[in-house]
Amino acid sequence: MGKLEGKIAVITGATSGLALATAQLFVAEGAYVFITGRRQKELDAAVKAIGGNVTGVQGDAGNLADLDRLYDTVKAEKGHIDILYASAGVGEFDAPLGSITEAGFDKTFNVNVRGTLFTVQKALPLLRDGGSIIMTGSIAGVKGFPGMSVYNASKAAVRSFARTWTMDLKTRKIRVNVLSPGTIDTGAFVGVAEEVKDQFVSLIPMGRIGQPREIATVALFLASDDSSFVTGIELFVDGGTAQI
Ligand SMILES: NC(=O)c1ccc[n+]([C@@H]2O[C@H](COP(=O)([O-])OP(=O)(O)OC[C@H]3O[C@@H](n4cnc5c(N)ncnc54)[C@H](OP(=O)(O)O)[C@@H]3O)[C@@H](O)[C@H]2O)c1
């Protein structure tokens, strides 16, 4: 029997990368999964790759009307949510102070902060008591990576949300945790020069970039009863990068 047998999960931004790997693992462990992404073609391909027990709902995690449509679909098809993984996130990684634009700030905070907030808040009527909320942070939230201050701050905000929402939701026994990846081999690295990748690797004590599956297994831990006494934490999956 799988660790998520009969559970209903919603994962945003899951048409590729670490969230797609998580959706695949959740389904393999017995869950039914709703996934989102902005591009319909990529969403259809992800649904096909997962193969069953999945519904794709096109939408932008930073758009409140799209979130309403997502949860209307979940309500109509399954009626409730057991696990919510708010993973959609964007960022600009080459914007040192002095070159930050209003548009760049708004885009990052709209998806990572405002989007995460309303992804969680709008799920609450469907979320079962005793459920699990996972949000995607980043090692960036506790580091001063140059040129990334807006992204870094947006991920620090997500971590802060988890502290307060653990208290706001305690009477409903809903656990709230942040899963913070280090450098993971996803679409974020397509086209990145080998020497730049080497620079990232040089910061990782384990000497390699992580794989999406290594995030998925930790997301499974936070989603399942294996973590039944774990709430309010930030769990780093980073090969040690932010731990030393
Ligand atoms: N990869 C890393 O090294 C790393 C490290 C630390 C943290 N993270 C965080 O982990 C999360 C996923 O990262 P990833 O590298 O796996 O991403 P990715 O592969 O670049 O993107 C995953 C999926 O998210 C979807 N997406 C992007 N923006 C969205 C939005 N506004 N609404 C709905 N879907 C959206 C994309 O599809 P569409 O473009 O079609 O929407 C894409 O298929 C992000 O929050 C990121 O900040 C990643």
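Residues numbered from 1 in each chain as written. Predicted model: local features only at pLDDT ≥ 70, side-chain atom pairs only at ≥ 80, totals over all residues. Heavy atoms only, no water.

(A) Main features of the site of the ligand. If you check the shell around the ligand, you find 29 residues, and the closest are Thr15, Arg38, Arg39, Tyr151 and Thr186. Between the ligand and Gly13, the relevant distance is 3.2 Å, taken from an oxygen atom to a main-chain nitrogen or oxygen of the residue. Ser16 is positioned such that a nitrogen or oxygen atom in its side chain is 2.9 Å from an oxygen atom of the ligand. Of the residues contributing to the shell around the ligand, the split by class is 10 nonpolar, 15 polar and 4 charged. (Near = heavy atom within 4 Å. Polar contact = N/O pair within 3.5 Å; in protein donor to acceptor, adjacent residues only side chain to side chain. Nonpolar A, V, L, I, M, F, W, Y, C, P; charged D, E, K, R; others polar.)

(B) Molecular detail of the pairing of strand β6 (residues 175-181). Judged by how many residues are buried, β6 sits mostly within the fold: 7 of 7 residues are covered. What you see with β6 is no split at all: Arg175, Asn177, Leu179 and Pro181 on one side and Val176, Val178 and Ser180 on the other are buried throughout. For strand β5 (residues 127-136) and β6, the ladder comprises 5 bridges, and the chain directions are parallel. When the bridges of β6 are listed, Met135 appears paired with Val178. Note: β6 against strand β7 (residues 234-237), 4 bridges, orientation parallel. By the bridge assignment, Leu179 is partnered in β7 with Leu235. (Buried < 20%, exposed > 50% of the residue type's maximum accessible area, 1.4 Å probe, protein only. Helix = DSSP H or I, 4+ residues; strand = E, 2+ residues; numbered from the N terminus. Pairing = 2+ DSSP bridges.)

(C) The arrangement of the pattern of salt bridges in detail. According to the stated counting rule, one finds 8 salt bridges in the structure shown. A salt bridge links Asp226 to Lys3; the nearest nitrogen and oxygen atoms lie 2.5 Å apart. Highlighted residues: Asp226 in the loop between α7 (212-223) and β7 and Lys3 in the segment before β1 (8-11), separated in sequence by 223 residues. Between Glu42 and Arg39 there is a salt bridge, with its nearest N and O atoms 3.6 Å apart. Among the residues examined, Glu42 registers a relative accessible area of 29% and is labelled partly exposed. Exposure remark for Arg39: the relative accessible area of 51% places this residue in the exposed category. (Salt bridge = Lys/Arg side-chain N within 4 Å of Asp/Glu carboxyl O.)

(D) Broad picture of unusual backbone geometry. If you check the backbone angles, Asn53 has positive phi at about 55° while not being a glycine. Mapped onto the elements of the fold, Asn53 is located in the loop between α2 (40-50) and β3 (54-58). The exposure class of Asn53 is partly exposed, given its relative accessible area of 46%. A positive phi angle is found at Lys173, which is not glycine, with a value near 55°. Looking at the element boundaries, Lys173 is found in the loop between α5 (149-168) and β6.

It is worth stressing that arrangement in space is one thing and function is another; only the former is reported here.
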